[in-house]
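# Close look at the chain arrangement
The primary structure of each chain is shown beneath.
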Amino acid sequence: FKPSPLAAGFLSVAQQDKLVQRVYTEYEATSPTEVELKIQGLSFQPQRVLGLDLPDVLRFEARGPLTLPFGRFEILYLDEDLRIVRTGQ
């Protein structure tokens, strides 16, 4: 994430802010063309706020033994260069 030009315009020091957000998933192929996704964890890694680099200790990651349903997708086409999927919740 980087601030939009509008938001950065209000506070010019925020132009260089940086936040990395991740969602960790696991998957199960339920058929040759369908895949079920489950959320396994998440992380928030603020790297720079208001122009100041932040220490690693402020970075948060949570992964656990429990998973939650996240969605599914169906593979419509797949070759070495291109994958086309239909998503569903």
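Residues numbered from 1 in each chain as written. Predicted model: local features only at pLDDT ≥ 70, side-chain atom pairs only at ≥ 80, totals over all residues. Heavy atoms only, no water.

## Observations regarding the confidence of the model for the protein
Convention followed: Values of pLDDT, the confidence the predictor places in each residue, fall between 0 and 100. Helix and strand assignments come from DSSP, with helices taken as H or I runs of at least 4 residues and strands as E runs of at least 2, each series counted from the N terminus.
On average, residues of the protein score 81 in pLDDT, and 81% of them reach the 70 mark or higher. Averaged pLDDT values for the elements of the protein fall to 60 in helix 1 (residues 5–10) and rise to 92 in strand 5 (residues 83–88).

## Here we look at the environment of L78
Note on placement: L78 falls in strand 4 (residues 60–78). For the pair L78 and T33, spaced 45 residues apart in sequence, the C-alpha separation works out to 9.7 Å.

## Structural notes on a nonpolar patch on the surface
Quick reminder of the rule: Patches here: salt-bridge-free residues with over 30% relative accessible area, like charges joined within 9 Å, nonpolar side chains (Val, Leu, Ile, Met, Phe, Trp, Tyr) joined within 5 Å. For accessible areas, the Shrake-Rupley method is used with a probe of radius 1.4 Å. Any residue's cover is judged against the shown protein chains and nothing else. Salt bridges are identified by distance alone: a Lys or Arg side-chain nitrogen within 4 Å of an Asp or Glu carboxyl oxygen.
Among the surface-exposed residues, L76, Y77, L82 and I84 lie close enough to one another that they form a single nonpolar patch of about 350 Å² accessible area. On the secondary structure map, I84 appears in strand 5.

## A look at the pattern of salt bridges
Keep this limit in mind: A simple rule labels every residue: compare its accessible area, found with a 1.4 Å probe on the protein chains alone, to the largest value its type can have, and call it buried under 20%, exposed over 50%, or partly exposed in between.
The tally for this structure, following the rule as stated, stands at 2 salt bridges. Residue R72 pairs with E34 through a salt bridge whose shortest N-O separation is 3.4 Å. Of this pair, R72 sits in strand 4 while E34 sits in strand 2 (residues 34–49), and the two are 38 residues apart along the sequence. The exposure class of E34 is partly exposed, given its relative accessible area of 26%. Ionic pairing is found between E74 and R86, a salt bridge with its closest N-O pair at 3.2 Å. With E74 in strand 4 and R86 in strand 5, this pair connects stretches of sequence that are 12 residues apart. For R86, a relative accessible area of 47% translates into the label partly exposed.

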